[in-house]
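For reference, the chains in residue letters:
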Amino acid sequence: MCYSAQIKADYHKLVREFGAVVSMDEFAALYAHDPGKKRPKTPKAMDDAFAAGKTPAECSVWAAIQDWNARDATAFEQELFTQKTRLVNAERALQTKVTKKAENDVRVATNKIARAQGKLADLRRTDHMARDSRIFPGVYGTVIVAEGGKRVVKPMRYQCRLTGKPASYDQRYPGTYNARRDSLEGFWRPAFGYTHALMVVDTFYENVEGPDGGNQVVQFTPSTGDPMLVACLWSHWVDPAGKEPDLLSFAAITDDPEPEVAAAGHDRTIINIKPEHVDAWLNPNPADLSALYAIFDDKRHPFYEHRLAA
């Protein structure tokens, strides 16, 4: 499984490097600020890319992101006040008598203060960090699809909910952020050969078993330094009852592991297609699935260097 990836989140770069256009209506719908709506899970790099926007549509999205940031900042500041008060009271109580409650309050308040301070710092900083582009299952990222003969950048959730499936599948099948090659004509049949996407990735992360039997997160990066062009499937889900909002979501296709990935302890690798196959992948012919498998078989295989993730 591709547990996490560091993507090209800046839509400006995808436009320049891949000759794509941006689906601004879908970015606007994703970021629309509504007091009754939960903030979408998006990487900071994708949010901050709109700060450099020049068109009215881009500026409108950035204004919505700033509204979300202001709301979150207020919540974190309130949490800081609450936890600092809790910490002061617990420390005062400990001066009189040591109790488990007071000790626990000190520990919990200290941890929550650090978390809130970190979140506030992330909201306010303008410098870019590598982790700002990292996505996990359930987080939105930028992907490229084909529409009307053009490459189009869309925001999609990294966990695919296929058309016709109930929303409950997100919990029943939490692993649907990856699509195994050997299940493409089974579970993934509604998308394979029909709705294909491309995710541009600099590095990816996998959970592996460590020497002590515990879990370790390993980071894999192409030795060439070239971005990976990851074959994906996507879906536009519509609630038949009309109660839930529309959902754009995607899954990365995985294949048998490359030798160095297997040696590092993982049993799958995302499929890194060649640039010359991008248009054929994004514009599939459902009557010729063999051509799509041929793209997989002709994939790029740079050596994937690995190290324990920080």
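Shown above is the structure to which this text applies.
Everything in this summary refers to the structure shown in the same document. Since the model is a prediction, treat every value here as computed from it, not as a measurement.

## Comments concerning helix α9 (residues 289-297)
Consideration 1: If you check which residues of α9 are buried, you get Leu-292, Tyr-293, Ile-295 and Phe-296. Down the axis of α9, the buried set is contained in an arc of 150°. They therefore lie on one face. Relative to its buried face, α9 has exposed residues pointing more than 90 degrees away, namely Ser-290 and Asp-297.

## A word on the packing of helix α4 (residues 56-96) against helix α5 (residues 100-124)
Consideration 1: At a minimum axis separation of 8 Å, α4 and α5 run at an interaxial angle of 155°. Judged by the inter-axis angle, α4 sits roughly antiparallel to α5. Here the hand of the crossing between α4 and α5 comes out left-handed.
Consideration 2: Its residues assigned to classes, the contact of α4 with α5 comprises 15 nonpolar, 4 polar and 12 charged.

## Concerning the packing of helix α2 (residues 24-31) against α4
How two helices pack is summed up by the angle between their axes together with the distance between the axes.
Consideration 1: Running from N to C, α2 and α4 point in directions that differ by 15°, and their axes come no closer than 9 Å. The angle between α2 and α4 falls in the class roughly parallel. Of the two elements, α2 crosses α4, and the hand of that crossing is left-handed. Within the contact between the two elements, α2 uses Met-24, Phe-27, Ala-28 and Tyr-31 and α4 uses Ala-57, Glu-58, Val-61, Ala-64, Ile-65 and Trp-68.
Consideration 2: Residues of the contact of α2 with α4, tallied by class, amount to 9 nonpolar, no polar and 1 charged.

## As for helix α1 (residues 11-18)
Consideration 1: All of the buried residues along α1 are Tyr-11, Leu-14 and Phe-18. Angularly, the buried residues of α1 cover 55° about the axis, an arc narrow enough to put them on a single face.
Consideration 2: Where α1 is buried, its residues touch β2 (21-22), α4, β4 (140-147), β5 (150-158), β7 (196-209) and β9 (228-237).
Consideration 3: Once α1 finishes, Gly-19 follows within two positions and takes phi at roughly 60°, a positive value.

## Let's talk about the environment of Thr-99
Consideration 1: Along the polypeptide, Thr-99 turns up in the loop between α4 and α5.
Consideration 2: Classification of Thr-99 by relative accessible area gives partly exposed; the value is 29%.
Consideration 3: Once the C-alpha coordinates of Thr-99 and Ile-295 are considered, the two residues, 196 residues apart in sequence, prove to be 65 Å apart.

## Observations concerning the nonpolar core
Consideration 1: Met-199 and Trp-281 are the most contacted members of the largest nonpolar core, which has 74 residues in total.
Consideration 2: When residues in this core are grouped by element, the largest group, 8 residues, is from β9.
Consideration 3: Dropping the residues within four chain positions of it, Met-199 is found in contact with Ile-7, Ile-135, Val-143, Met-228, Leu-229, Val-230, Cys-232, Phe-250 and Ala-252.
Consideration 4: Counting residues in each nonpolar core, the second largest holds 8 residues, with Ala-73, Phe-76, Leu-80 and Leu-120 among its members.

The rules we used
- Residues numbered from 1 in each chain as written.
- Predicted model: local features only at pLDDT ≥ 70, side-chain atom pairs only at ≥ 80, totals over all residues.
- Heavy atoms only, no water.
- Buried < 20%, exposed > 50% of the residue type's maximum accessible area, 1.4 Å probe, protein only.
- Helix = DSSP H or I, 4+ residues; strand = E, 2+ residues; numbered from the N terminus.
- Arc of directions from axis to C-beta.
- Axes fitted to C-alpha atoms, helices over the stretch in contact; angles between N-to-C directions.
- Parallel < 35°, antiparallel > 145°, perpendicular 65-115°, else oblique.
- Left-handed = near helix turned anticlockwise from the far one by under 90°.
- Nonpolar A, V, L, I, M, F, W, Y, C, P; charged D, E, K, R; others polar.
- Contact = heavy atoms within 4.5 Å.
- Core = buried A, V, L, I, M, F, W, Y, C linked by side-chain atoms within 4.5 Å.

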